[in-house]
Amino acid sequence: MKKLIFAAAALFSVTALQAQSQVIAHRGFHAKEGAARNTIASLANAQELGVYGSECDVNMTADGELVVIHGPWLGDKNDPDRLAVQQSDLATLRSKRLENGEPVPTLDEYLDQAAKDSDCKLIIEIKDHDTPQIETKVVKMVLDAVKRHKLQDQVEYIAFREHVCNELIRLAPAGTKVAYLNGTLNPKYLKAAGYTGLDYKIDVLKKHPKWIEEAHKLGLTVNVWTVNTTEDLKWVIDHNVDYITTDNPEEALRLTQK
Ligand code: MG
């Protein structure tokens, strides 16, 4: 009997350690009709779908406003009137419509929508800007906006630039989640630098699958982007990643909830 209880306890602890991977909608759930990437509609769709979180990209305009758009361009490369996001002012950007008819959302508008559902995290990616000084300014402005909207517990941060991440780690409230996107730093380095996790391209994790376990041993979270095919979704679920960033959140939910 004692042996049986021990075995059951051991099994329970293993199960508890292997928590289910959580789904993050990449640029919102944009695949649904009426939405487009990084729009209010795509965030609302992600909230409705019931995913762990919705990711978005933040840039600063030439007149110092924060907008949610991937950039560096608004409009595709065949569009002769496309605009360089960081070199355009807000009014000019908003005079042009996104694919679903919305104007480019400001970060404030995006945070207003995020506040409508406290169960859906907002994962803010701060994009590269021209100088470290500008990037520090953008980090401060984003953190101020999130604080003003009282969303500190609902927002997590990611960036490709180490400087942006370092400034987030330095300036955000203790416990704020910050993960590095660029795939070039190992878990030990990230832990020492104060990151809470890594968020790497699936090709990087396939090349360094041991980083997943190493990160977990160090108490870091593992997020992976952008995982869209059923085959890749199964691979990352089998490798116990914590978060899956995907353009295909419905399929990811189906597979993680199996
Ligand atoms: Mg992004």
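For the structure, see preceding data.
Residues numbered from 1 in each chain as written. Predicted model: local features only at pLDDT ≥ 70, side-chain atom pairs only at ≥ 80, totals over all residues. Heavy atoms only, no water.

Chemist: I'd like a rundown of the overall build of the protein chain, residues and numbers included.
Modeler: Along the protein chain, the regular secondary structure elements total 11 helices and 11 strands. Relative to the globule expectation of 18 Å for 258 residues, the C-alpha radius of gyration of the protein chain, 19 Å, shows essentially globular dimensions. The principal-axis extents of the C-alpha atoms in the protein chain amount to approximately 75 × 40 × 35 Å. The buried share of the protein chain, taken over its 258 residues, is 48%. Considering only intrachain contacts with a sequence separation of at least 6, the fraction spanning at least 24 residues in the protein chain is 57%. Approximately 13200 Å² of the protein chain is accessible, and the part contributed by carbon and sulfur atoms is 52%. (Helix = DSSP H or I, 4+ residues; strand = E, 2+ residues; numbered from the N terminus. Rg over C-alpha atoms; globule rule 2.2 N^0.38 Å. Buried < 20%, exposed > 50% of the residue type's maximum accessible area, 1.4 Å probe, protein only. Contact = heavy atoms within 4.5 Å. Areas by Shrake-Rupley, 256 points an atom, 1.4 Å probe, with all protein chains shown as cover.)

Chemist: So what about the packing of helix α10 (residues 230-238) against helix α11 (residues 249-256)? Which residues, and what values?
Modeler: With their axes 10 Å apart at the nearest point, α10 and α11 run at an angle of 45 degrees to one another. As judged from the angle between their axes, α10 and α11 are oblique. Crossing of α10 over α11 shows right-handed handedness. For the pair formed by α10 and α11, the contact residues are T230, L233, K234 and I237 on the first element and E251, A252, L255 and T256 on the second. Here the residues of the contact of α10 with α11 sort into four nonpolar, two polar and two charged. (Axes fitted to C-alpha atoms, helices over the stretch in contact; angles between N-to-C directions. Parallel < 35°, antiparallel > 145°, perpendicular 65-115°, else oblique. Left-handed = near helix turned anticlockwise from the far one by under 90°. Nonpolar A, V, L, I, M, F, W, Y, C, P; charged D, E, K, R; others polar.)

Chemist: Let's hear about the side chain of S88: which residues, and what values?
Modeler: Looking at where S88 falls in the secondary structure, it is placed in the loop between β5 (83-84) and α3 (90-95). On the accessibility criterion, S88 (8% relative accessible area) is buried. In terms of polar contacts, S88 uses its side chain to reach the backbone carbonyl oxygen of A84, at 2.6 Å. Setting aside its immediate chain neighbours within four residues, S88 contacts T61, A62, D63, L83 and L93. (Polar contact = N/O pair within 3.5 Å; in protein donor to acceptor, adjacent residues only side chain to side chain.)

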